[in-house]
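Take a look at the letters that make up each chain.
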Amino acid sequence: MGFFLETLFGGLMAGMLYSLIALGFVLIFKASGVFNFAQGAMVLFAALAMARFSEWIPQWTGIDSRLFANVGAFILAMAVMVVVAWLIEKLVLGKLVNQEGITLLMATLGITYFLDGAGQTIFGSDIYKIDVGLPKDPLFLFENTFQGGVLIGKEDLYAAGIAAALVIALTLFFQKTGTGRALRAVADDHQAAQSIGIPLGRIWVIVWSVAGFVALVAGIIWGSKLGVQFSLSLVALKALPVVILGGLTSVPGAIIGGLIIGVGEKLSEIYLGPMLGGGIEIWFAYVLALVFLLFRPQGLFGEKIIDRV
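Described below are features of the structure shown in this document. (Residues numbered from 1 in each chain as written. Predicted model: local features only at pLDDT ≥ 70, side-chain atom pairs only at ≥ 80, totals over all residues. Heavy atoms only, no water.)

### Side note on the side chain of S19
Point 1. You can see S19 is positioned in helix α1 (residues 2–32).
Point 2. By relative accessible area, S19 is classed as buried at 0%.
Point 3. Among the polar contacts listed, one links the side chain of S19 to the backbone oxygen of G15, at a separation of 2.8 Å.
Point 4. Dropping the residues within four chain positions of it, S19 is found in contact with A254, I255, G258 and L259. (Helix = DSSP H or I, 4+ residues; strand = E, 2+ residues; numbered from the N terminus. Buried < 20%, exposed > 50% of the residue type's maximum accessible area, 1.4 Å probe, protein only. Polar contact = N/O pair within 3.5 Å; in protein donor to acceptor, adjacent residues only side chain to side chain. Contact = heavy atoms within 4.5 Å.)

Printed below as a string of structure tokens:
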């Protein structure tokens, strides 16, 4: 039971991090109806900016303080992501208002490759580290209940707490603020939203900036765990099955979907891997997403679209 709980907790922690990346997909889709394939590239770009600015700031200022470097790097990286959001709206989305969905999808693919290339050009292509002080040592729980206790990484615990707090804040933002309601109105119908005075361009800059903030937080956490390298954008692809499972329009769905996939892939790797030859953790999420596409394409909490003739 102790080993099972350890695996379960590990899956829940990984699931929260998947959910954090999936939030970026949901935010963009809720506000623009665009499935943003560039979210993984945004996570990588933001993590690169954070890692490199934290190295450069002590060199620029002569102040050798990790706290000062990290705070300054976070502010500069967030400013970079806001500029990226503004450029995406002005140069791409603003030119494609009311176009077909496939056109917007291809535009996000173009943004993906641009951010990958720009990140390598501006920040370099080496493996960089992000050190924001997350503890690396393990934590043992239930030592009096199970032999050896249940091992949990403190870093994973802190990361899950940060992700949960961000999810709650974004949910309240969408449900309780005027800007959040405007974002939902834009997602429902661009032309109707414009007709009642909602500035489409400003809304898109806001939502891409918020998605950039989410990408930055996710990039910091994943970069702290794995190092900032270009395979980080591939990790972000794990969020695609999470979005399919939870629903493209549901913030709570992104959370539940992430937890289900995180727990499912860990348990299946441990308990089914020896029988099936291992490697289940690589493809489990995508197979589960395929099953949902066949039987419930809108996901667990997504809105079912009904067309009446």
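### Description of helix α13 (residues 280–295)
Point 1. For α13, spanning 16 residues, the distance from its first C-alpha to its last is 22 Å, which sits close to the expected 22 Å at 1.5 Å a residue.
Point 2. On its buried side, α13 packs onto α10 (239–246), α11 (251–271) and α12 (273–276). (Expected span 1.5 Å × (residues − 1).)

### Section: the side chain of N70
Point 1. Of note, N70 is situated in helix α3 (residues 66–91).
Point 2. Its relative accessible area of 12% is what places N70 among the buried residues.
Point 3. If we ignore the near neighbours within four places in the chain, the residues touching N70 are M50, S54, D131 and V132.

### Looking at the packing of helix α2 (residues 39–61) against α3
Point 1. Packing of α2 against α3 leaves a shortest axis separation of 8 Å and a crossing angle of 135°. Classified by the angle their axes make, α2 and α3 are oblique. Viewed along their axes, α2 and α3 form a crossing whose handedness is right-handed. Listed contacts from α3 to M42, F45, A46, A49, M50, F53, S54, I57, P58, W60 and T61 of α2 are F68, A69, N70, G72, A73, F74, L76, A77, V80, M81 and V84.
Point 2. Across the contact of α2 with α3, the residue classes tally to 18 nonpolar, four polar and no charged. (Axes fitted to C-alpha atoms, helices over the stretch in contact; angles between N-to-C directions. Parallel < 35°, antiparallel > 145°, perpendicular 65-115°, else oblique. Left-handed = near helix turned anticlockwise from the far one by under 90°. Nonpolar A, V, L, I, M, F, W, Y, C, P; charged D, E, K, R; others polar.)

Don't take any of this as a statement about function, it's just geometry.
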